[in-house]
Amino acid sequence: MTNGAATIVAFNAARVVFGEGASAETGEHVAQLGVTRAFVVCDRFVTESGLGERLERSLREVGVEPVLYDRIAGEPDEESVREAAEAAANGFDGVVGVGGGSALDTAKLSALFATHGGELLDYVNAPIGAGKPVPGPVLPIVALPTTAGTGSEVTTVAIVDFPRLGTKTGVSHAFLRPSLAIVDPSLTVSCPAGVTASTGLDALLHALEAYTVSTYDTRPSLPLGERPPYQGANPFSDPLCERAIELVGRHLRSAVSDGSDVEARTAMALASTIAGIAFSGAGVHVPHALAYPIASLKHEWRPPGYGGAAFVPHGFAVAVTAPAAFRFIADGAPERCAAAARLLDGGDDLAGALERLMDDVGAPRTLRELGYGDDDLAPLVAGAVDQRRLLVGAPREVGAAELEDVLRASL
């Protein structure tokens with residue numbers, strides 16, 4: 001440790017098995033972790049599609065007893081997490097998460113509570129929760145994403161909706177990073193266009209925000225035990241972000257327009273995973289801080305591709321303010337924003353490149369489309385201001401007034 005700015009950066013990543021057909025080896029991988037009885041967290045789509053049955057068979061063939069739990073919410077909330085945690089506290093020695101970010105985040109929290117118990121708000125980030133550290137390692141977690149965007153298969157974060165508090169937030173700790181991520185692009189082929197667009201934009205914003213977050217060497221030097229998981233942009237995260245931005249710019253439109261395009265699906269799966277690795281070490285900032293109250297305060301809009309459910313998917317919640325947010329932060333990171341724009345579409349206007357991509361994939365462009373109006377600005381700002389662990393990384397000073405400006409520009 002030195003006085004002044006940080007000079008040390010850490011790189012941590014989950015073990016990843018990647019490639020078409022990789023999910024067929026799930027049982028062998030789970031058994032290698034010493035798991036004999038697995039709590040398998042998934043959504044109804046996984047069970048109805050037959051994927052759950054195939055995974056059960058893969059586990060049984062190697063002597064692992066699987067128990068499927070498919071009662072997760074579209075977006076994890078206090079009640080759904082409590083129910084999953086109760087089901088997981090039944091003699092399991094490993095957890096397998098299969099699905100989108102909601103399933104994977106629920107799997108992480110199930111492993112946490114099955115191992116250590118406690119209450120959700122004990123571990124939730126301050127100031128919303130107590131922000132207590134996870135006491136120790138949790139049950140082994142194996143994550144199989146069926147969407148390409150959240151990166152939850154490789155991150156240390158599990159996000160939960162708190163409607164009574166008007167925002168979403170999460171639990172963040174290194175012990176929540178899955179022991180193994182099995183990324184099989186073929187599992188995303190049946191993903192509807194709307195889901196592909198939302199999750200793909202989430203992957204992009206992970207990379208863009210981690211690329212433009214304040215750099216690690218501009219932050220104060222702290223003792224090892226006090227260093228946050230989000231360290232700032234660094235020499236390990238930067239090349240991963242650059243590659244992810246390029247992949248999304250080249251392939252998201254194709255993945256949305258033709259879900260059977262295996263090349264595009266594989267590229268997006270890779271972009272999602274490497275962006276997840278990047279941001280879990282570097283951090284994100286303004287668009288993600290605003291996304292949590294945007295997704296939590298109103299559940300009226302019915303996004304395409306989500307079976308008629310009324311809510312704002314996380315990727316769209318992040319993207320809807322992103323053009324305005326990047327116009328705001330451009331003065332704080334002009335070279336990074338210009339470089340990101342060139343990677344995304346060859347230009348030098350990042351906000352404009354984002355707007356063009358969002359139009360092409362059918363993403364909502366305004367908060368009014370999601371049911372928000374001028375009267376909602378104050379509660380949206382209140383929910384975003386509490387996301388201190390994210391806002392601290394913004395390359396410009398940002399407070400309530402600046403957040404309101406970004407929101408108003410996004411109406």
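In short, a report on the structure. (Residues numbered from 1 in each chain as written. Predicted model: local features only at pLDDT ≥ 70, side-chain atom pairs only at ≥ 80, totals over all residues. Heavy atoms only, no water.)

1. Overview of the sheet that holds strand 8 (residues 180–183)
- What the six strands build is an open sheet, ordered 1-8-5-4-2-3; its pairing is parallel. Strand pairing shows two members of the sheet lacking a second neighbour, strand 1 (15–18) and strand 3 (65–69), which therefore form its edges. Each strand axis lies, on average, 20 degrees off the axis of its neighbour in the sheet, ignoring direction.
- Across the sheet, helix 3 (residues 51–60) touches strand 2 (37–41), strand 3, strand 4 (94–99) and strand 5 (141–145), and the angle it forms with strand 3 is around 160 degrees.
- This element, helix 5 (residues 101–116), spans strand 2, strand 4 and strand 5 of the sheet and lies at about 170 degrees to strand 4. (Pairing = 2+ DSSP bridges. Helix = DSSP H or I, 4+ residues; strand = E, 2+ residues; numbered from the N terminus. Axes fitted to C-alpha atoms, helices over the stretch in contact; angles between N-to-C directions. Contact = heavy atoms within 4.5 Å.)

2. A closer look at the pattern of salt bridges
- Scanning the model with the defined rule gives 18 salt bridges in all.
- The partner of E246 in a salt bridge is R243, with the nearest N and O atoms 3.3 Å apart. Taken together, the positions of E246 and R243, both in helix 8 (residues 237–257) and three residues apart, correspond to about one turn of that helix.
- Classification of E246 as partly exposed rests on a relative accessible area of 27%.
- For R243, a relative accessible area of 35% translates into the label partly exposed. (Salt bridge = Lys/Arg side-chain N within 4 Å of Asp/Glu carboxyl O. Buried < 20%, exposed > 50% of the residue type's maximum accessible area, 1.4 Å probe, protein only.)

3. Here's the deal with the nonpolar core
- L201, L204, L208, V286, I294 and F326 are the most contacted members of the largest nonpolar core, which totals 79 residues.
- Among the nonpolar cores identified, the runner-up in size contains 29 residues, and Y123, I128, F162 and V171 belong to it. (Core = buried A, V, L, I, M, F, W, Y, C linked by side-chain atoms within 4.5 Å.)

4. So, the side chain of T155
- Relative to the assigned elements, T155 resides in the loop between strand 5 and strand 6 (157–162).
- Within the local environment of T155, its side chain forms a polar contact with the side chain of K108, the two groups lying 2.9 Å apart.
- The residues touching T155, leaving out its near neighbours within four places in the chain, are K108, L176, R177, P178, G276, F279 and S280. (Polar contact = N/O pair within 3.5 Å; in protein donor to acceptor, adjacent residues only side chain to side chain.)

5. Comments concerning the packing of helix 13 (residues 334–345) against helix 14 (residues 350–360)
- In contact at an axis separation of 8 Å, helix 13 and helix 14 are set at 30 degrees when each is read in the N-to-C sense. If you check the angle between helix 13 and helix 14, you find them roughly parallel. The crossing of helix 13 and helix 14 is left-handed. Along its contact with helix 13, which presents C337, A340, A341, L344 and D345, the element helix 14 presents L350, A353, L354, R356 and L357.
- Class assignment for the residues of the contact of helix 13 with helix 14 results in eight nonpolar, no polar and two charged. (Parallel < 35°, antiparallel > 145°, perpendicular 65-115°, else oblique. Left-handed = near helix turned anticlockwise from the far one by under 90°. Nonpolar A, V, L, I, M, F, W, Y, C, P; charged D, E, K, R; others polar.)

6. Brief notes about the pairing of strand 2
- With five of its five residues buried, strand 2 lies for the most part within the structure.
- Along strand 2, one buried face is formed by R37, F39 and V41 and the opposite face, lined by A38 and V40, is buried too.
- With five bridges connecting them, strand 2 and strand 3 associate as parallel partners. Of the residues in strand 3, the one forming a bridge with V41 is Y69.
- As judged from the four bridges shared by strand 2 and strand 4, these two strands associate in the parallel manner. Residue pairing for strand 4: F39 is matched across the bridge by V95.

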